[in-house]
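Structural characterization, general
Residues per chain are reported as follows:
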Amino acid sequence: MSVSSTAESTSEPTPLAILSVEDSSDDVELIARELARNGLTPSVRQVQTSQEMESALRERHWDAICMDFQMPRFDALRALNVRATLAPDTPVIIISGHIGETAAVTLLKAGADDYIPKHNLARLAPALRRAMRDVEDRRERRRMEDERAHLVKHLASALELRDEFLILASHELRTPLTALRLQVEGAARVSGANEVVRGRLLRADEQIERIARLIEDMIAVSKLGPPEPIRPEESDVGRLLQRVMRSLAGVDQIETVTAYVPAEGISASLDPAQMEDALRRILHNAVKYGAGLPVDVRLERSEAGVLISVADRGIGIAPENHGRIFERFGRAEPALNYGGLGLGLWIARQIVEAHGGTLGVVSQVGQGATFTVSIPSKR
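Some details on helix 3 (residues 76-86)
Where helix 3 is concerned, the buried positions are Ala 76, Ala 79, Leu 80, Val 82 and Arg 83. One side of helix 3 carries all its buried residues, which in axial view fall inside an arc of 160°. Exposed side chains of helix 3 directed beyond 90 degrees from the buried face belong to Asn 81 and Thr 85. Backbone nitrogen of Leu 77 and a side-chain oxygen of the N-cap are separated by 3.1 Å at the start of helix 3; the cap is Asp 75.

Shown next, in the form of C-alpha coordinates:
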(Lines give C-alpha, C1' and ligand atoms only; values in the text may rest on other atoms or scores of the structure.)
Protein backbone atom coordinates (compact mmCIF):
# COMPACT_ATOMS: atom_id res chain seq x y z
CA MET A 1 0.00 0.00 0.00
CA SER A 2 1.24 3.51 -0.78
CA VAL A 3 -0.09 6.55 1.10
CA SER A 4 0.75 10.17 0.20
CA SER A 5 -0.36 13.19 2.28
CA THR A 6 0.27 16.92 2.10
CA ALA A 7 1.31 18.86 5.16
CA GLU A 8 -1.44 21.07 6.58
CA SER A 9 1.01 23.69 7.83
CA THR A 10 1.71 26.90 5.93
CA SER A 11 5.48 26.26 5.86
CA GLU A 12 7.14 24.45 2.98
CA PRO A 13 6.61 20.70 3.63
CA THR A 14 9.53 18.32 3.82
CA PRO A 15 9.19 15.28 1.53
CA LEU A 16 9.95 12.02 3.28
CA ALA A 17 10.19 8.44 1.99
CA ILE A 18 9.01 6.09 4.73
CA LEU A 19 9.10 2.29 4.68
CA SER A 20 6.47 0.96 7.08
CA VAL A 21 6.85 -2.60 8.33
CA GLU A 22 3.27 -2.96 9.51
CA ASP A 23 0.36 -5.36 9.02
CA SER A 24 -2.36 -2.75 9.67
CA SER A 25 -3.20 -0.37 6.83
CA ASP A 26 -5.10 1.84 9.26
CA ASP A 27 -1.98 2.31 11.38
CA VAL A 28 0.01 3.19 8.26
CA GLU A 29 -2.59 5.84 7.46
CA LEU A 30 -2.39 7.24 11.01
CA ILE A 31 1.41 7.47 10.76
CA ALA A 32 1.19 9.35 7.45
CA ARG A 33 -1.36 11.82 8.82
CA GLU A 34 0.61 12.46 11.98
CA LEU A 35 3.74 13.23 10.00
CA ALA A 36 1.81 15.49 7.64
CA ARG A 37 0.48 17.49 10.59
CA ASN A 38 4.08 18.16 11.59
CA GLY A 39 5.29 19.75 8.38
CA LEU A 40 6.32 16.58 6.55
CA THR A 41 5.12 15.14 3.24
CA PRO A 42 5.44 11.41 3.75
CA SER A 43 5.38 8.90 0.95
CA VAL A 44 4.80 5.65 2.78
CA ARG A 45 5.20 2.13 1.46
CA GLN A 46 3.84 -0.73 3.53
CA VAL A 47 5.53 -4.14 3.73
CA GLN A 48 4.57 -7.13 5.88
CA THR A 49 7.16 -9.83 5.25
CA SER A 50 10.92 -10.22 5.20
CA GLN A 51 10.90 -10.75 1.43
CA GLU A 52 8.84 -7.58 0.82
CA MET A 53 11.13 -5.54 3.09
CA GLU A 54 14.30 -6.83 1.39
CA SER A 55 12.83 -6.04 -2.04
CA ALA A 56 11.88 -2.50 -0.99
CA LEU A 57 15.33 -1.80 0.50
CA ARG A 58 17.05 -3.00 -2.65
CA GLU A 59 14.83 -0.88 -4.92
CA ARG A 60 15.61 2.55 -3.44
CA HIS A 61 16.83 4.68 -0.55
CA TRP A 62 14.42 5.29 2.33
CA ASP A 63 14.63 8.25 4.70
CA ALA A 64 13.36 6.16 7.62
CA ILE A 65 11.77 2.86 8.57
CA CYS A 66 8.79 2.61 10.92
CA MET A 67 7.99 -0.87 12.14
CA ASP A 68 5.58 -2.65 14.43
CA PHE A 69 6.99 -4.84 17.18
CA GLN A 70 5.04 -8.01 16.40
CA MET A 71 3.18 -9.13 13.25
CA PRO A 72 1.73 -12.50 12.25
CA ARG A 73 4.53 -13.34 9.79
CA PHE A 74 7.28 -10.95 10.82
CA ASP A 75 8.66 -9.12 13.88
CA ALA A 76 10.85 -6.11 14.65
CA LEU A 77 13.98 -8.06 15.63
CA ARG A 78 14.02 -9.92 12.30
CA ALA A 79 13.28 -6.65 10.48
CA LEU A 80 16.19 -4.97 12.25
CA ASN A 81 18.49 -7.74 11.03
CA VAL A 82 17.32 -7.15 7.45
CA ARG A 83 17.88 -3.42 7.82
CA ALA A 84 21.35 -3.97 9.33
CA THR A 85 22.33 -5.98 6.26
CA LEU A 86 20.78 -3.86 3.50
CA ALA A 87 20.43 -0.32 4.91
CA PRO A 88 22.49 0.06 8.11
CA ASP A 89 22.36 3.87 8.02
CA THR A 90 18.58 4.15 7.72
CA PRO A 91 16.98 5.26 11.03
CA VAL A 92 14.36 2.95 12.57
CA ILE A 93 11.45 3.96 14.80
CA ILE A 94 9.48 1.19 16.53
CA ILE A 95 5.77 2.08 16.62
CA SER A 96 3.80 -0.40 18.63
CA GLY A 97 1.50 -0.94 21.56
CA HIS A 98 2.95 -1.39 25.03
CA ILE A 99 5.84 -3.84 24.70
CA GLY A 100 7.47 -3.59 28.09
CA GLU A 101 10.77 -2.07 29.17
CA THR A 102 12.82 -5.23 28.59
CA ALA A 103 11.61 -5.60 25.00
CA ALA A 104 12.18 -1.88 24.32
CA VAL A 105 15.78 -2.08 25.59
CA THR A 106 16.37 -5.20 23.48
CA LEU A 107 15.14 -3.40 20.36
CA LEU A 108 17.31 -0.34 21.03
CA LYS A 109 20.36 -2.57 21.52
CA ALA A 110 19.50 -4.35 18.25
CA GLY A 111 19.71 -1.06 16.35
CA ALA A 112 16.38 0.74 16.72
CA ASP A 113 16.70 4.51 17.16
CA ASP A 114 13.57 5.04 19.24
CA TYR A 115 10.33 3.47 20.48
CA ILE A 116 6.98 5.30 20.13
CA PRO A 117 3.75 3.87 21.64
CA LYS A 118 0.86 3.90 19.18
CA HIS A 119 -1.24 5.87 21.63
CA ASN A 120 1.35 8.69 21.66
CA LEU A 121 2.06 9.37 17.98
CA ALA A 122 2.64 13.07 18.76
CA ARG A 123 6.20 12.02 19.61
CA LEU A 124 6.75 10.46 16.19
CA ALA A 125 7.75 13.50 14.10
CA PRO A 126 10.25 14.91 16.66
CA ALA A 127 11.72 11.42 17.21
CA LEU A 128 12.01 10.88 13.46
CA ARG A 129 13.71 14.22 12.89
CA ARG A 130 16.15 13.54 15.73
CA ALA A 131 16.95 10.06 14.43
CA MET A 132 17.56 11.40 10.92
CA ARG A 133 19.88 14.10 12.30
CA ASP A 134 21.77 11.47 14.28
CA VAL A 135 22.17 9.36 11.14
CA GLU A 136 23.48 12.36 9.21
CA ASP A 137 25.91 13.10 12.03
CA ARG A 138 27.13 9.49 11.97
CA ARG A 139 27.54 9.62 8.20
CA GLU A 140 29.48 12.86 8.44
CA ARG A 141 31.72 11.48 11.18
CA ARG A 142 32.33 8.34 9.15
CA ARG A 143 33.06 10.44 6.06
CA MET A 144 35.55 12.53 8.04
CA GLU A 145 37.12 9.40 9.54
CA ASP A 146 37.43 7.85 6.08
CA GLU A 147 38.94 11.05 4.75
CA ARG A 148 41.34 11.22 7.69
CA ALA A 149 42.30 7.59 7.20
CA HIS A 150 42.93 8.29 3.51
CA LEU A 151 45.07 11.31 4.37
CA VAL A 152 47.01 9.34 6.98
CA LYS A 153 47.63 6.58 4.46
CA HIS A 154 48.69 9.12 1.84
CA LEU A 155 50.96 10.86 4.35
CA ALA A 156 52.51 7.55 5.42
CA SER A 157 53.19 6.72 1.78
CA ALA A 158 54.68 10.17 1.18
CA LEU A 159 56.88 9.85 4.28
CA GLU A 160 58.04 6.42 3.15
CA LEU A 161 58.97 7.82 -0.27
CA ARG A 162 60.73 10.75 1.42
CA ASP A 163 62.74 8.42 3.64
CA GLU A 164 63.67 6.24 0.70
CA PHE A 165 64.79 9.34 -1.19
CA LEU A 166 66.83 10.60 1.78
CA ILE A 167 68.61 7.28 2.16
CA LEU A 168 69.25 6.95 -1.59
CA ALA A 169 70.37 10.57 -1.97
CA SER A 170 72.61 10.32 1.08
CA HIS A 171 74.32 7.19 -0.19
CA GLU A 172 74.72 8.73 -3.64
CA LEU A 173 76.31 11.83 -2.12
CA ARG A 174 78.81 9.79 -0.12
CA THR A 175 80.73 8.52 -3.15
CA PRO A 176 81.70 11.86 -4.77
CA LEU A 177 82.22 13.40 -1.34
CA THR A 178 84.69 10.69 -0.36
CA ALA A 179 86.54 11.13 -3.65
CA LEU A 180 86.63 14.90 -3.15
CA ARG A 181 88.02 14.52 0.34
CA LEU A 182 90.76 12.20 -0.86
CA GLN A 183 91.73 14.73 -3.53
CA VAL A 184 91.84 17.57 -0.99
CA GLU A 185 93.92 15.52 1.46
CA GLY A 186 96.29 14.54 -1.35
CA ALA A 187 96.66 18.13 -2.47
CA ALA A 188 97.40 19.21 1.10
CA ARG A 189 100.17 16.62 1.36
CA VAL A 190 101.88 17.72 -1.83
CA SER A 191 101.48 21.43 -1.17
CA GLY A 192 104.80 21.35 0.65
CA ALA A 193 105.84 24.54 2.38
CA ASN A 194 103.10 26.66 0.83
CA GLU A 195 101.23 27.28 4.08
CA VAL A 196 98.60 29.50 2.41
CA VAL A 197 97.51 26.76 0.03
CA ARG A 198 97.73 24.13 2.74
CA GLY A 199 95.57 26.23 5.08
CA ARG A 200 92.92 26.71 2.44
CA LEU A 201 92.87 23.01 1.66
CA LEU A 202 92.47 22.17 5.35
CA ARG A 203 89.56 24.59 5.63
CA ALA A 204 88.01 22.99 2.56
CA ASP A 205 88.43 19.61 4.25
CA GLU A 206 86.61 20.97 7.32
CA GLN A 207 83.62 21.94 5.16
CA ILE A 208 83.63 18.51 3.52
CA GLU A 209 83.53 16.99 7.02
CA ARG A 210 80.51 19.13 7.88
CA ILE A 211 78.72 17.99 4.73
CA ALA A 212 79.53 14.38 5.61
CA ARG A 213 77.96 14.89 9.04
CA LEU A 214 74.81 16.32 7.50
CA ILE A 215 74.57 13.30 5.23
CA GLU A 216 74.89 10.94 8.19
CA ASP A 217 72.18 12.90 9.99
CA MET A 218 69.87 12.60 6.99
CA ILE A 219 70.31 8.84 7.01
CA ALA A 220 69.79 8.61 10.76
CA VAL A 221 66.63 10.71 10.79
CA SER A 222 65.10 8.79 7.90
CA LYS A 223 65.50 5.59 9.91
CA LEU A 224 64.03 7.20 13.08
CA GLY A 225 66.75 5.70 15.26
CA PRO A 226 70.44 4.89 15.54
CA PRO A 227 72.02 4.12 12.16
CA GLU A 228 72.92 0.56 13.15
CA PRO A 229 71.97 -1.91 15.89
CA ILE A 230 74.08 -1.63 19.05
CA ARG A 231 76.98 -4.12 19.08
CA PRO A 232 78.51 -3.77 22.55
CA GLU A 233 82.04 -4.80 23.41
CA GLU A 234 84.28 -4.08 26.38
CA SER A 235 85.89 -0.74 25.58
CA ASP A 236 88.30 1.71 27.23
CA VAL A 237 86.11 4.82 27.54
CA GLY A 238 89.11 7.11 28.10
CA ARG A 239 90.71 6.08 24.81
CA LEU A 240 87.37 6.36 23.09
CA LEU A 241 87.05 9.94 24.35
CA GLN A 242 90.55 10.76 23.11
CA ARG A 243 89.65 9.44 19.66
CA VAL A 244 86.63 11.74 19.65
CA MET A 245 88.88 14.69 20.51
CA ARG A 246 91.30 13.82 17.70
CA SER A 247 88.47 13.44 15.17
CA LEU A 248 87.30 16.98 15.95
CA ALA A 249 90.76 18.53 15.74
CA GLY A 250 90.79 21.45 13.32
CA VAL A 251 87.04 21.23 12.77
CA ASP A 252 85.26 22.36 15.94
CA GLN A 253 87.62 24.77 17.72
CA ILE A 254 88.72 21.77 19.74
CA GLU A 255 91.51 23.88 21.23
CA THR A 256 88.90 25.28 23.65
CA VAL A 257 88.18 21.78 25.00
CA THR A 258 89.99 20.24 27.98
CA ALA A 259 89.49 16.57 28.77
CA TYR A 260 89.87 15.20 32.30
CA VAL A 261 90.42 11.45 32.07
CA PRO A 262 91.53 9.32 35.08
CA ALA A 263 94.97 7.76 34.79
CA GLU A 264 93.52 4.34 35.56
CA GLY A 265 91.45 3.00 32.73
CA ILE A 266 87.66 3.01 32.84
CA SER A 267 85.97 0.42 30.71
CA ALA A 268 82.37 -0.26 29.81
CA SER A 269 80.39 -2.53 27.52
CA LEU A 270 79.36 -0.36 24.60
CA ASP A 271 79.39 0.03 20.84
CA PRO A 272 82.59 2.07 20.26
CA ALA A 273 81.62 3.51 16.89
CA GLN A 274 78.15 4.60 17.93
CA MET A 275 79.22 5.95 21.31
CA GLU A 276 81.98 7.94 19.61
CA ASP A 277 79.32 9.37 17.31
CA ALA A 278 77.11 10.34 20.27
CA LEU A 279 79.97 11.98 22.18
CA ARG A 280 81.16 13.78 19.06
CA ARG A 281 77.70 15.29 18.61
CA ILE A 282 77.49 16.37 22.25
CA LEU A 283 80.96 17.90 22.13
CA HIS A 284 80.22 19.62 18.83
CA ASN A 285 77.09 21.12 20.39
CA ALA A 286 79.08 22.39 23.39
CA VAL A 287 81.66 24.10 21.19
CA LYS A 288 78.99 25.49 18.86
CA TYR A 289 77.06 27.21 21.66
CA GLY A 290 80.05 27.76 23.94
CA ALA A 291 80.78 31.29 22.67
CA GLY A 292 84.47 30.40 22.19
CA LEU A 293 84.94 29.86 25.93
CA PRO A 294 86.54 26.77 27.51
CA VAL A 295 84.69 23.46 27.46
CA ASP A 296 85.43 20.80 30.07
CA VAL A 297 84.97 17.09 29.44
CA ARG A 298 85.17 14.77 32.46
CA LEU A 299 85.15 11.00 32.63
CA GLU A 300 84.54 9.29 35.96
CA ARG A 301 83.10 6.20 37.54
CA SER A 302 79.65 6.28 39.09
CA GLU A 303 77.60 3.90 41.19
CA ALA A 304 75.66 2.91 38.08
CA GLY A 305 78.67 2.61 35.80
CA VAL A 306 80.35 5.37 33.76
CA LEU A 307 79.64 9.11 33.81
CA ILE A 308 80.76 11.54 31.09
CA SER A 309 80.02 15.25 31.48
CA VAL A 310 80.52 17.99 28.90
CA ALA A 311 80.31 21.49 30.39
CA ASP A 312 80.49 24.73 28.41
CA ARG A 313 80.35 28.38 29.52
CA GLY A 314 78.25 29.61 26.64
CA ILE A 315 74.79 31.03 26.07
CA GLY A 316 72.96 28.40 28.14
CA ILE A 317 69.48 26.93 27.72
CA ALA A 318 66.24 28.09 29.31
CA PRO A 319 64.67 25.38 31.55
CA GLU A 320 61.53 25.23 29.38
CA ASN A 321 63.71 24.23 26.41
CA HIS A 322 65.58 21.38 28.13
CA GLY A 323 63.25 18.76 26.71
CA ARG A 324 62.89 20.40 23.31
CA ILE A 325 66.59 20.26 22.43
CA PHE A 326 66.47 16.45 22.51
CA GLU A 327 63.56 16.28 20.09
CA ARG A 328 63.97 15.59 16.40
CA PHE A 329 64.62 18.97 14.70
CA GLY A 330 64.40 20.53 18.16
CA ARG A 331 66.42 23.58 19.06
CA ALA A 332 66.45 26.29 21.71
CA GLU A 333 67.82 29.01 19.42
CA PRO A 334 66.63 30.13 15.95
CA ALA A 335 68.14 28.12 13.10
CA LEU A 336 69.28 31.30 11.35
CA ASN A 337 71.52 32.16 14.32
CA TYR A 338 73.39 28.86 14.56
CA GLY A 339 72.39 26.71 11.57
CA GLY A 340 72.24 22.93 11.59
CA LEU A 341 69.33 20.51 11.26
CA GLY A 342 68.52 20.21 14.94
CA LEU A 343 69.33 16.49 14.94
CA GLY A 344 72.62 16.15 16.82
CA LEU A 345 71.32 15.83 20.39
CA TRP A 346 68.31 13.79 19.26
CA ILE A 347 70.60 11.24 17.59
CA ALA A 348 72.99 11.30 20.58
CA ARG A 349 70.16 10.51 23.00
CA GLN A 350 68.89 7.71 20.73
CA ILE A 351 72.34 6.11 20.84
CA VAL A 352 72.85 6.56 24.59
CA GLU A 353 69.39 5.18 25.40
CA ALA A 354 70.01 2.22 23.08
CA HIS A 355 72.92 1.43 25.45
CA GLY A 356 70.54 1.49 28.40
CA GLY A 357 71.93 4.86 29.51
CA THR A 358 70.65 8.41 29.89
CA LEU A 359 71.55 11.78 28.43
CA GLY A 360 70.46 14.87 30.36
CA VAL A 361 71.26 18.55 30.68
CA VAL A 362 71.55 21.12 33.48
CA SER A 363 71.55 24.72 32.29
CA GLN A 364 70.34 28.28 32.74
CA VAL A 365 70.34 31.09 30.18
CA GLY A 366 73.72 32.84 30.17
CA GLN A 367 75.31 30.31 32.50
CA GLY A 368 76.45 27.61 30.09
CA ALA A 369 75.22 24.03 29.91
CA THR A 370 76.38 20.70 31.30
CA PHE A 371 75.40 17.56 29.39
CA THR A 372 75.78 14.29 31.25
CA VAL A 373 75.98 10.82 29.73
CA SER A 374 75.39 7.94 32.14
CA ILE A 375 76.19 4.43 30.91
CA PRO A 376 75.41 1.42 33.13
CA SER A 377 78.27 -0.99 33.76
CA LYS A 378 75.96 -3.95 33.07
CA ARG A 379 73.03 -4.02 30.64
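Details of the packing of aromatic side chains
Scanning the model with the defined rule gives one aromatic pair in all. The ring of Tyr 260 has Arg 298 lying over it, and the distance from NZ or CZ to the ring centre is 4.1 Å. Above the face of the Phe 326 ring, Arg 349 is positioned so that its terminal group lies 3.9 Å from the ring centre.

Comments concerning the sheet that holds strand 11 (residues 305-312)
Strand order in this open sheet of five strands is 8-10-11-13-12, and the pairing throughout is mixed. Looking at strand neighbours, the two that pair on one side only are strand 8 (257-260) and strand 12 (358-363), the edges of this open sheet. Each adjacent strand pair in this sheet contributes to an overall mean axis angle of 15°, direction not counted. Running at roughly 165° to strand 10 (residues 295-301), helix 7 (residues 237-248) makes contact with strand 8, strand 10 and strand 11 of the sheet. Relative to the sheet, helix 10 (residues 344-354) contacts strand 12 and strand 13 (369-376), its axis offset from that of strand 12 by approximately 135°.

Observations concerning the nonpolar core
By size, the foremost hydrophobic cluster in this structure holds 39 residues, and its most contacted members are Leu 283 and Phe 371. Where this core is concerned, the elements lending two or more residues are helix 7, strand 9 (267-270), helix 8 (272-288), strand 10, strand 11, helix 10, strand 12 and strand 13. Listed in part, the 25 residues of the second largest apolar core include Val 47, Met 53, Phe 74 and Ile 99.

Procedures and definitions
Residues numbered from 1 in each chain as written. Predicted model: local features only at pLDDT ≥ 70, side-chain atom pairs only at ≥ 80, totals over all residues. Heavy atoms only, no water. Buried < 20%, exposed > 50% of the residue type's maximum accessible area, 1.4 Å probe, protein only. Helix = DSSP H or I, 4+ residues; strand = E, 2+ residues; numbered from the N terminus. Arc of directions from axis to C-beta. Polar contact = N/O pair within 3.5 Å; in protein donor to acceptor, adjacent residues only side chain to side chain. Phe/Tyr/Trp six-rings, centres within 6.5 Å; stacked < 30°, edge-to-face > 60°. Lys NZ or Arg CZ within 6 Å of the ring centre and 35° of its normal. Pairing = 2+ DSSP bridges. Axes fitted to C-alpha atoms, helices over the stretch in contact; angles between N-to-C directions. Contact = heavy atoms within 4.5 Å. Core = buried A, V, L, I, M, F, W, Y, C linked by side-chain atoms within 4.5 Å.

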